[in-house]
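# Fold and contact review
Chain residues, written in single-letter form:
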Amino acid sequence: MSKTSLPPLVDLGRLAAENPDTISLGQGIPFYRPPRYVLEEFIGVIPHPAIHRYAPDPGLPSFRKDLSMKLKRDNRIIAEPDEIIITPGANLAYFIAASTIADPGDRIGLISPYYFNHEMACTLLNIKPIEIPLTEDFELRSEFVEEVLADPRTKAITLVNPSNPTGKVLGIKELKMLRNLLEDYEKWLISDETYEYFVYEGENHISSASISGLSERTVTIGSLSKTFGVPGWRIGYLHAPIEFIKEAIKVQDTTAITAPTPSQVLGELLLQERKELIPEFFEYMKQNYEIAKKRLEEVSWLKPTPSRGAFYLFPRIIDDVSYSNGFDFAKQLILEAGVYAVPGEAFGKTGERHLRISFGNTTPNKLNEAFDRLVAYSPPEQ
Ligand SMILES: Cc1ncc(COP(=O)(O)O)c(C=O)c1O
């Protein structure tokens, strides 16, 4: 257990809270909430006795059915309801996927910079996380993937698409490259698509499991947290071939038993309204993306990188700036500039000398104010 590091946001979050004037571009949560009419419908269901009981282990049948339709329509994944497990959030879905695929001593490759909870889950399970570094321009190189897959101890690779923390959106060429390698080496893909609806600049989100040859070796992970602004309700899911689900359900039963029944009911209501809600939420997020991207160009000590998805920019701190450790840099930024951003190191070695700026968590006005502060700030030079 002690091998697993503390969540990187804890210390910095505390420091930001102790300095109440700080503007947080830290946590990757959206600032919108579900609309009142959905919540009122939900409140109407609460007195029903069934809502206070356990749901079946893999989730409410009606919700799994709705999710299978959503996966077919929105993701082009041929998903049957019994190939889906509803989980209390995408993080537990990852834990279930990793522990179903790999045993202690095995390895899982993480495309890096990675989402830190994936690294933490592997370490907790005694699975060795191995970084597959992106290049400086966030290109995914087949030789780096192959090097990890060629090790017989590697059981899977993990990707986050669109990426937390880089905002990189994987295109069809990269996914087909991965497909070819995963087929050759007969390994699994864990595809975390938590930010599936948030892609900008004409990018397209392609679900890994929609690609022939990948569908049979992919575990797709999804979440309602970001899509509908409900991270507190803990609603996620995984989709995988039925043989996989038969094993994975053991982990769900041992850990959560099932996702909370009220959360599943709310999730079902939100999913039914998604054609109305998602475009509206997307517009908020796109507006923030455009502000953040434009304003970043004014910050002379940060170099933009190609981010076109999720809620994040991941610029590089230029070489002229004195830099020994990202966590110290982020603390200094809170204390001297009044802005909280997450140091790139939290997402692996490839993240060094970067900052993750979350534009999802704040209103356009506050976001502009945070950038005013970043523009005015001059970090010490080398
Ligand atoms: C890539 C990724 N996966 C999963 C999660 C957690 O999702 P959930 O709230 O559904 O557990 C996050 C939250 O930041 C995330 O960025």
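What comes next concerns the included structure. (Residues numbered from 1 in each chain as written. Predicted model: local features only at pLDDT ≥ 70, side-chain atom pairs only at ≥ 80, totals over all residues.)

The next subject is the overall build of the chain. For the chain, the count of helices and strands is 13 helices and 14 strands. At 20 Å, the chain has a C-alpha radius of gyration in line with the 21 Å of a compact globule built from 382 residues. Taken along the three principal axes of its C-alpha coordinates, the chain extends 55 × 55 × 40 Å. Burial analysis of the chain (382 residues in total) assigns 48% to the buried set. (Helix = DSSP H or I, 4+ residues; strand = E, 2+ residues; numbered from the N terminus. Rg over C-alpha atoms; globule rule 2.2 N^0.38 Å. Buried ≥ 20, exposed ≤ 12 C-beta atoms within 10 Å, placed from the backbone.)

What follows is about helix α13 (residues 364-376). End to end, α13 covers 18 Å across 13 residues, agreeing with the expected 18 Å (1.5 Å per residue, within 8%). Along α13, the residues that are buried comprise Leu367, Ala370, Phe371 and Leu374. Down the axis of α13, the sector holding all buried residues measures 100°, keeping them to one side. In α13, the exposed positions that point more than 90 degrees away from the buried face belong to Asn365 and Ala376. Looking at the buried side of α13, the elements it contacts are β1 (23-24), α11 (274-296), α12 (326-337) and β12 (339-340). (Expected span 1.5 Å × (residues − 1). Arc of directions from axis to C-beta. Contact = placed C-beta atoms within 7 Å.)

Pairing between sheet strands relies on hydrogen bonds along the backbone, with the strands arranged either parallel or antiparallel. Taking strand neighbours across the sheet as the criterion, the seven strands line up as β2-β8-β7-β6-β5-β3-β4 in an open arrangement whose pairing is mixed. The outermost strands of the open sheet, each flanked by one partner alone, are β2 (84-87) and β4 (128-133). Neighbour-to-neighbour, the strand axes of the sheet open up by a mean angle of 20°, direction not taken into account. In this structure, strand β7 (residues 218-223) lies alongside strand β8 (residues 236-239), joined through four bridges in antiparallel fashion. For Gly222, the partnering residue across the bridge sits in β8 and is Tyr237. Of the strands in this sheet, β3 (107-112), β4 and β5 (154-160) touch helix α6 (residues 142-149), which is tilted by about 160° from β4. (Pairing = 2+ DSSP bridges. Axes fitted to C-alpha atoms, helices over the stretch in contact; angles between N-to-C directions.)

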